[in-house]
There are 2 protein chains.
Amino acid sequence: MKNIVFTISLLCALTTFSQKTDEQQIKSIFDTSLSNGKSYDWLNYLSNQIGGRLSGSVQAQQAVDYTKKQLEDLGLDKVWLQPVMVPKWNRGIPEFAYFETDPGVTTNIPICALGGSVATPLGGLKANVVEVKSLDDLAILGKQRLQGKIVFFNRPMDPKNISTFTSYSSCVDQRYAGAAEAAKYGAVGVIVRSMNLRLDDYPHTGSMSYGDIPVKDRIPAAAISTNGADLLSISLRLNPDINFFFRQTCEQFEDVESYNVIGEIKGTTYPNEVIVVGGHLDSWDLGDGAHDDGAGCVQSMDVLRLLKETGYKPKRTIRVVLFMNEENGLRGGNKYAEVAKSSKEKHIFALESDSGGFSPRGFSFDCNEDDFKKIASWKNLFEPYFVHLFIKGYSGADIGPLKNQDIVLAGLVPDSQRYFDHHHAANDTFEHVNKRELELGAASMASLVYLFDKYGNDIN
Amino acid sequence: MKNIVFTISLLCALTTFSQKTDEQQIKSIFDTSLSNGKSYDWLNYLSNQIGGRLSGSVQAQQAVDYTKKQLEDLGLDKVWLQPVMVPKWNRGIPEFAYFETDPGVTTNIPICALGGSVATPLGGLKANVVEVKSLDDLAILGKQRLQGKIVFFNRPMDPKNISTFTSYSSCVDQRYAGAAEAAKYGAVGVIVRSMNLRLDDYPHTGSMSYGDIPVKDRIPAAAISTNGADLLSISLRLNPDINFFFRQTCEQFEDVESYNVIGEIKGTTYPNEVIVVGGHLDSWDLGDGAHDDGAGCVQSMDVLRLLKETGYKPKRTIRVVLFMNEENGLRGGNKYAEVAKSSKEKHIFALESDSGGFSPRGFSFDCNEDDFKKIASWKNLFEPYFVHLFIKGYSGADIGPLKNQDIVLAGLVPDSQRYFDHHHAANDTFEHVNKRELELGAASMASLVYLFDKYGNDIN
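The model shown is predicted, which means the values in this text are computed figures rather than measured ones.

Procedures and definitions
Residues numbered from 1 in each chain as written. Chains lettered and ligands numbered in written order. Predicted model: local features only at pLDDT ≥ 70, side-chain atom pairs only at ≥ 80, totals over all residues. Heavy atoms only, no water. Helix = DSSP H or I, 4+ residues; strand = E, 2+ residues; numbered from the N terminus. Rg over C-alpha atoms; globule rule 2.2 N^0.38 Å. Buried < 20%, exposed > 50% of the residue type's maximum accessible area, 1.4 Å probe, protein only. Areas by Shrake-Rupley, 256 points an atom, 1.4 Å probe, with all protein chains shown as cover. Lys, Arg positive; Asp, Glu negative; His and termini not counted. Charge placed at Lys NZ, Arg CZ, Asp CG, Glu CD. Least-squares fit on C-alpha atoms with pLDDT ≥ 70 in both. Contact = heavy atoms within 4.5 Å. Domains from an automatic or database assignment. Buried area = accessible area lost by both parts, 1.4 Å probe. Salt bridge = Lys/Arg side-chain N within 4 Å of Asp/Glu carboxyl O. Polar contact = N/O pair within 3.5 Å; in protein donor to acceptor, adjacent residues only side chain to side chain. Nonpolar A, V, L, I, M, F, W, Y, C, P; charged D, E, K, R; others polar. Pairing = 2+ DSSP bridges. Axes fitted to C-alpha atoms, helices over the stretch in contact; angles between N-to-C directions. pLDDT = per-residue confidence, 0-100. Parallel < 35°, antiparallel > 145°, perpendicular 65-115°, else oblique. Left-handed = near helix turned anticlockwise from the far one by under 90°.

**Let's talk about the overall build of chain A**
Inference 1: Along the backbone of chain A there are 13 helices and 16 strands.
Inference 2: Taken over the C-alpha trace, chain A has a radius of gyration of 24 Å; the compact-globule value for 460 residues is 23 Å, and the two agree within 12%.
Inference 3: With the principal axes as the frame, chain A shows a C-alpha extent of 95 × 40 × 40 Å.
Inference 4: The buried share among the 460 residues of chain A stands at 59%.
Inference 5: As displayed, chain A offers around 17,900 Å² of accessible surface, 53% of which is attributable to carbon and sulfur atoms.
Inference 6: Here chain A contributes 47 positive and 57 negative side-chain charges, whose respective centroids are spaced 4 Å apart.

**So, the relation of the copies chain B and chain A**
Inference 1: Under the fitted operation, chain B is carried onto chain A by 0.0 Å of movement along the axis and a turn of 180 degrees, and the coordinates agree to an RMSD of 0.0 Å. Here the symmetry operator amounts to a two-fold rotation axis. Taking C-alpha positions as the reference, the residue of chain B nearest the rotation axis is B:His388, at 3.5 Å.
Inference 2: Mapped onto chain A, 100% of the interface residues of chain B are again interface residues, and the two copies thus contact each other with one and the same surface.

**A word on the domain arrangement of chain A**
Residues and elements named next belong to chain A.
Inference 1: According to the domain assignment, chain A contains domain 1 (27-89 + 254-459) and domain 2 (95-249).
Inference 2: Look at where the C-alpha atoms of domain 1 and domain 2 centre, and you get two points 33 Å apart.
Inference 3: On the side of domain 2, 23 residues touch domain 1, which itself brings 17 residues to the contact.
Inference 4: Buried surface at the junction of domain 1 and domain 2, both sides included, amounts to about 1,500 Å², of which 64% is carbon and sulfur.
Inference 5: Taken together, the links from domain 1 to domain 2 amount to zero salt bridges.
Inference 6: On the surface where domain 1 and domain 2 come into contact, there are five residue pairs in polar contact (both at pLDDT 80 or more).
Inference 7: In terms of residue class, the side of domain 1 that touches domain 2 is built from seven nonpolar, seven polar and three charged.

**Some points on the sheet that holds strand 8 (residues 221-224) of chain A**
All names here are of chain A.
Inference 1: Taking strand neighbours across the sheet as the criterion, the eight strands line up as 3-2-9-5-6-7-8-4 in an open arrangement whose pairing is mixed. Two strands close off the open sheet at either side, each with one partner strand: strand 3 (105-108) and strand 4 (111-113). Averaged over all neighbouring strand pairs, the angle between strand axes comes to 35 degrees, with direction disregarded.
Inference 2: Examined bridge by bridge, strand 6 (residues 150-153) and strand 7 (residues 189-193) share four bridges and lie parallel to one another. Looking across to strand 7, one finds that Phe153 is bridged to Val192.
Inference 3: Here helix 4 (residues 136-146) sits on the sheet and contacts strand 5 (125-132) and strand 6; the angle it forms with strand 5, its principal contact strand, is near 145 degrees.

**Some points on the pairing of strand 5 (residues 125-132) of chain B**
Residue and element names in this part refer to chain B.
Inference 1: As paired elements, strand 5 and strand 9 (residues 243-247) share four bridges and run antiparallel to each other. Across the sheet, the residue bridging to Ala127 is Phe244, located in strand 9.
Inference 2: As defined by bridge partners, strand 5 adjoins strand 6 (residues 150-153) across four bridges and the pair is classed as parallel. Within strand 6, the position partnered with Val130 by the bridge is Val151.

**A look at the interface of chain B and chain A**
A common way to report how large an interface is uses the accessible area buried once the components associate.
Inference 1: Of the residues lining the interface, 30 residues belong to chain B; the matching set on chain A comes to 30 residues.
Inference 2: For the pair chain B and chain A, the summed buried area comes to about 2,900 Å², and 53% of that belongs to carbon and sulfur atoms.
Inference 3: Of all residues in chain B, B:Ile162, B:Arg418 and B:Arg436 give up the largest surface area on contact with chain A, accounting jointly for 25% of the area buried on that side.
Inference 4: Our enumeration of links across chain B and chain A arrives at two salt bridges.
Inference 5: Here B:Glu437 makes a salt bridge to A:Arg418, at a shortest N to O gap of 2.8 Å.

**Comments concerning the confidence of the model for chain A**
In low-pLDDT regions, the fine details of the predicted coordinates are not to be read closely.
Residues and elements named next belong to chain A.
Inference 1: Averaged over every residue, the pLDDT of chain A is 95; residues scoring 70 or more account for 95%.
Inference 2: For residues 10-14, every residue scores under 50 in pLDDT, and the model assigns this stretch zero contacts once sequence neighbours within four places are set aside.
Inference 3: Interface confidence for the predicted complex, given as ipTM, is 0.94, next to a pTM of 0.95.

**Focus: the packing of helix 2 (residues 39-50) of chain A against helix 3 (residues 58-73) of chain A**
Residue and element names in this part refer to chain A.
Inference 1: Their axes nearest at 11 Å, the elements helix 2 and helix 3 cross at an angle of 155 degrees. It follows from the interaxial angle that helix 2 and helix 3 lie roughly antiparallel. When the axes of helix 2 and helix 3 are compared, the crossing they make is right-handed. Residues Asp41, Trp42, Tyr45, Leu46 and Ile50 of helix 2 touch helix 3, and the partners they reach there are Gln59, Gln62, Ala63, Tyr66, Thr67 and Gln70.
Inference 2: In the contact of helix 2 with helix 3, the residues fall into six nonpolar, four polar and one charged.

Have a look at this one:
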C-alpha cells in the first residue's frame with residue numbers, strides 16, 4: 001500500500017513538474033517572439049523588397065535566395081534547396097474591362113485574369129453577358145442561351161458563416177471550374193465575382209482549371225471586383241443586352257526549375273523522426289503576398305529560431321519547409337512528400353500556416369481520434385495566450401500530400417475576418433499585417449512544435 | 001416514483017427546449033448582424049461625416065443630434081437626451097516640437113498636447129531634457145537635477161503581455177500624473193512617450209491631471225511619438241545637453257452643457273428592471289474616434305435594433321446609453337448613475353464596449369462569484385461564434401459608477417493586439433475598422449443582453 005501511495009505521489013509530482021516546465025518553455029517562446037521576434041522584419045523584406053512571387057518569376061527566385069540565406073544565418077544544422085519543376089504563367093500587360101450600355105457609352109470595371117487562364121484575342125473580347133449564380137445554372141440555361149456569350153458567375157460569399165473559409169469553400173467552384181463548364185455550352189469567356197466578402201474595387205485572382213478541355217477550346221476567365229459585380233448585375237437588370245468587353249494577354253509558358261527552401265535542427269535523440277513546419281513561398285502577383293503566404297513562411301522560419309533562442313534542444317528533427325508553387329500547382333508540396341516517402345525518415349507531425357498573419361485563434365488537426373484526444377489535453381497550455389480552438393479539420397495544402405495513417409497534420413487557425421479582404425488581391429500587402437499578431441502566431445506554432453517534439457512518442 | 005420520473009423528464013425536456021431556443025435566438029442575432037447590420041454604416045457617418053468628438057466641441061453636439069435621430073428612426077419606445085455639464089478643452093493650433101543638438105541644428109519630433117494640459121508660453125518652451133523611466137525616478141533625481149528642465153518620461157509599454165491593456169495600465173501613470181509629479185521638483189514641462197506598442201510617427205494624446213497643483217504652477221505636458229521618443233533617447237545618450245523645444249496653445253474653457261443620448265425598449269414583464277448597453281460618444285480630437293469609441297456606440301445602438309429585427313420582445317427594459325465625456329471627465333457616466341440611483345428603476349446588468357471594434361474574444365465581468373458561475377454556464381452558447389473568454393475583471397469606465405452589490409457589470413473583450421496602434425491618435429480612423437469584426441461584436445453583445453433579459457431573475 002505504502003509503495004502504491006509513493007508511486008502515485010511520485011507520478012503526480014513528475015506530472016506537475018513536467019507541466020510546469022511546459023508552461024515555462026511556452027512562456028519563454030511567447031516572450032521571445034513578442035519582444036525579440038524576427039518574423040516581421042523578414043516579412044518586410046519579402047513583401048517590400050521582393051514583392052509578389054509567382055512561381056517561375058524572378059521574384060520567386062529572389063525569395064528562394066533570400067530565405068535560404070536567412071536560414072543559413074540562423075546557424076541551423078542543415079539548409080538546402082529541393083529542386084522542383086513548376087508551371088510558369090505570366091499575367092502580361094494590365095487587363096482592362098468595361099461594359100457598354102449603348103454603343104460607345106462605357107463603364108470601366110476592375111478586372112484581373114485568373115491564374116492559368118488563356119488570353120483574350122489581341123483586340124479583346126466583346127459579347128453579351130449572362131449572369132448565373134452557380135455551375136448548375138449552366139445546364140438549366142443550356143447551349144441556346146449561352147452560345148457566344150460571356151458567362152458572369154455572381155454568387156457572393158455568404159456573410160453568415162463565422163469562419164470566412166467556409167464561405168470561400170462554398171463559392172470558389174465558380175472561379176476554379178467556371179470556364180471549363182461554361183465552355184461546354186459554347187460560352188466565349190467567363191467573368192467571376194471576386195472571392196471577397198467586402199464590397200470594394202479590388203479584383204481577386206486565384207487558380208482555375210480547364211480540366212481536360214483541349215487548348216484550342218479554352219476560353220478566357222477573369223475576376224471582377226465585388227463592387228464591379230454588383231454594378232454589372234444591377235445594370236443587367238435594367239438592360240439585359242449589355243455588352244461586356246475585356247482584354248488580357250496572359251500566357252502559360254514551359255515549366256521551369258524552382259525550389260523548396262528547407263532548413264533543419266537535427267534531433268538529439270530521434271534524428272530520423274521529423275517534424276515539419278511550413279508555409280508557401282510563392283504568392284500571387286497582384287499584391288506582395290504578405291498574408292498569403294509570406295506570413296506563414298516567416299512564422300515557420302521563426303519557429304526554429306524561437307526554439308534555438310529559448311535554449312530548447314529538440315529530440316526530433318525540426319524542419320522548416322518553404323514550399324514552392326502552392327498557388328497554381330502544388331508542385332512543391334507534392335515533391336516534398338515524394339522525397340520524404342522515399343527516404344528513411346519518419347514524419348510524425350506537420351504544421352502549416354497558410355491562413356494569414358492574423359491573431360492566432362487555435363489549430364485545426366487532421367488526425368485520428370486517439371491522437372486528437374491526446375493533443376486536446378494540451379489545450380490549457382495555450383489559454384493564457386488566448387489560443388482556444390483545438391478542432392479537427394483541414395490542415396494545409398502543402399503538407400496534405402504527406403498524409404498517411406501515422407502522421408498528424410495541423411493548420412494554424414488565425415482570426416479569419418479580414419483574410420478575404422486581401423486574399424489574392426493587390427491589397428495583400430505588408431501594412432495590413434500587424435507585428436504582434438504575426439508574432440503571436442509564430443509563438444503558437446513554436447509551442448505546438450515543442451510539445452510534439454517532447455511528447456512525440458506518446459502521440460504516435 | 002413514476003411522478004418523479006415524469007417530473008425529471010419534463011424538466012429535462014424544458015431545459016433542452018430552452019437551450020434550443022437560446023441557440024436559435026443567438027444564431028438569428030449573429031445572422032442578422034452579419035448579413036444586415038447597421039453598425040458599420042452608422043460608424044461611417046460618425047467617423048467620416050462628423051469626425052473627432054471632443055466634449056464640448058461642435059462635433060460632439062453633431063454626434064448627439066445624429067445618434068438621437070438614428071435611435072428615433074429605429075422606432076424605440078423612448079429616446080431622450082440627458083443633460084450633463086462637461087469640461088471643454090481645446091487643442092488650439094497644431095503643436096510642434098524639435099530638439100536641438102547644436103545651436104540652430106534641429107530635428108523635428110511629432111508631438112501633441114495631452115488633454116487638459118496648459119499651453120506653453122506663446123513663443124514656446126525650450127529647455128534641457130532629463131529622461132526618466134518612472135515617476136519614482138523623479139525623487140531619486142530630485143530638485144537639483146530637475147529644476148528648470150523638461151522631464152521626458154520614456155518607459156515603453158511591455159510587449160510581452162498578451163492583453164495590451166495590461167501593458168497600457170502599467171505605463172499610463174507617466175501620462176496621467178507625470179506633469180503633476182514633475183512640477184513638484186521644479187520641472188518646466190513634461191513630454192511622454194506615446195502609449196503605443198508600435199514604433200511609428202503618431203503622437204497619442206489622452207487625459208492627464210494636475211491633481212491639486214494651483215493653476216499658476218501647472219506645467220505643459222505633451223506626448224511624442226514612439227519613433228520620436230527612441231530618437232530623442234538615443235540622441236540624449238550622445239549628448240545629454242540637448243535642448244528640447246515645444247509649443248502648444250491648448251486651453252481649458254468653462255464647462256458647457258452636453259448630453260448622454262439614451263433610447264430604450266420597454267420591458268413587457270418587468271419594465272422597472274433595466275439592462276444598459278453602451279459606449280461613449282465623445283472621442284479625442286486627433287483621429288475620428290472610430291475605434292475609441294465610435295465602435296462601442298454603434299454596436300450598442302445595434303444591440304437594440306438586432307433584438308427588434310429578430311422579433312425578440314424583452315421582458316426587461318433594454319436601454320442604450322451613449323455616454324458623453326468618458327475621455328476627459330466621465331461626467332456622462334457619473335450623471336447617468338446619479339439619475340439612475342434617484343429613480344425607482346433597478347439596474348440589473350450593464351454592458352460596455354470601449355476596447356475597439358475588433359473581433360470579439362469574450363467578456364469581462366465585474367460581479368460576485370455566484371453570479372459569475374451562472375453567467376459562465378452560458379459560455380458554450382458563444383463558442384460557435386469563436387467567443388471564448390468569460391473572465392472576471394474590469395467592465396468599463398462609463399458604467400463603473402453604477403456599481404453596487406446587485407448589478408452585474410461587463411465589458412466586451414475584443415482582440416486587443418491592434419488597439420494601441422490607433423488609440424487616441426490621428427490614425428484612429430474608420431478604415432481601420434473591419435465591418436465583420438464590428439458586427440460580430442454587436443451580435444455578441446446582443447446575445448449576452450438577450451440572455452440577461454431572459455434569465456435576469458435567476459441571476460440576481
